[in-house]
Amino acid sequence: MKCRVCHATEDDAEFAKHSVKPDGSIQYHPLCKPCYNKRANKYYHANRDKLLDRKRQAFAENPDKARSHQRRWRTENPRAKRNSELKTAYGITIDQYEAMVEAQSGQCAICGAEPNSDRDKRKTLCVDHIGGKGKNATVRGLLCSPCNLGLGKFQDNIEWMEA
């Protein structure tokens, strides 16, 4: 296929699926995925308020359907869900988190415990941060739950921890 915008010739896999014909064959969008994504992103930013109002209205009209869709999406996309949580809370991506886990050999930065051990029943390491949320947070490292809770209880006050 040939993209209508950039005129690149690509395999069908590089084009977004548009619809399925009655005979079961797939019809692809006339734009390659990068061009389609660029156009969709431009449209979203130009019409953000209108799109969000439409989404709020649909939720208000049928909240059970919207919640069901959200639950299904979270179940089907756990990696994207975790990525969104990390970006919102700490301003890092899941790839950055995984790189930190690898750099720390999958262990707590303070005590060296691994997640899901006798010391820590959680399956993942907690993100140790200071400051606000999102982009304003400064990530210091990854900790097991007990160490993270301990730092929180001591409010990062070294004198209290040494006493």
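Please refer to the structure higher up on the page.
Residues numbered from 1 in each chain as written. Predicted model: local features only at pLDDT ≥ 70, side-chain atom pairs only at ≥ 80, totals over all residues. Heavy atoms only, no water.

### Quick look at the pairing of strand 2 (residues 26-32)
With four bridges joining them, strand 1 (residues 15-20) and strand 2 adopt antiparallel strand pairing. What sits directly across from Phe-15, in strand 2, is Cys-32. Two successive antiparallel strands, strand 1 and strand 2, enclose a turn made up of five residues, where Gly-24 displays a positive phi of approximately 95 degrees. (Pairing = 2+ DSSP bridges. Helix = DSSP H or I, 4+ residues; strand = E, 2+ residues; numbered from the N terminus.)

### Comments concerning the pairing of strand 3 (residues 126-131)
Relative to strand 4 (residues 137-143), strand 3 is paired through six bridges, and the arrangement is antiparallel. Among the inter-strand pairings, Val-127 is bridged to a residue of strand 4, identified as Leu-142.

### Some thoughts on the pattern of salt bridges
Overall, the coordinates contain seven salt bridges when judged by the stated rule. The partner of Glu-98 in a salt bridge is Arg-79, and the shortest N-O contact between them spans 2.7 Å. Highlighted residues: Glu-98 in helix 5 (residues 94-103) and Arg-79 in helix 4 (residues 78-90), separated in sequence by 19 residues. For Arg-79, a relative accessible area of 43% gives the class partly exposed. (Salt bridge = Lys/Arg side-chain N within 4 Å of Asp/Glu carboxyl O. Buried < 20%, exposed > 50% of the residue type's maximum accessible area, 1.4 Å probe, protein only.)

### Observations concerning the nonpolar core
Counting residues in each nonpolar core, the largest one holds 10 residues, listed as Leu-86, Ala-89, Tyr-90, Ile-92, Ile-94, Tyr-97, Met-100, Leu-125, Val-127 and Leu-142. When residues of this core are traced back to their parent elements, those giving at least two are helix 4 and helix 5. Apart from the residues within four sequence positions on either side, Ile-94 is in contact with Arg-79, Arg-82, Asn-83 and Leu-86. (Core = buried A, V, L, I, M, F, W, Y, C linked by side-chain atoms within 4.5 Å. Contact = heavy atoms within 4.5 Å.)

### Here we look at helix 6 (residues 145-153)
Where helix 6 is concerned, the buried positions are Ser-145, Cys-147 and Leu-151. One face of helix 6 carries all of its buried residues, which in axial projection span an arc of 165 degrees. Looking at helix 6, the residues exposed on the side facing more than 90 degrees away from the buried face are Leu-149 and Lys-153. Two residues or fewer past helix 6, Gln-155 is found with a positive phi of approximately 50 degrees. (Arc of directions from axis to C-beta.)

### Brief notes about helix 4
When the terminal C-alpha atoms of helix 4 are compared, their 18 Å separation across 13 residues agrees well with the 18 Å that a helix rising 1.5 Å per residue should span. Taken together, the buried positions of helix 4 are Asn-83, Leu-86, Ala-89 and Tyr-90. In a view along the axis of helix 4, the buried residues occupy a sector of 145 degrees, so they form one face of it. Along its buried surface, helix 4 packs onto helix 5, strand 3 and strand 4. Phi turns positive, to about 75 degrees, at Gly-91, one or two residues after helix 4. (Expected span 1.5 Å × (residues − 1).)

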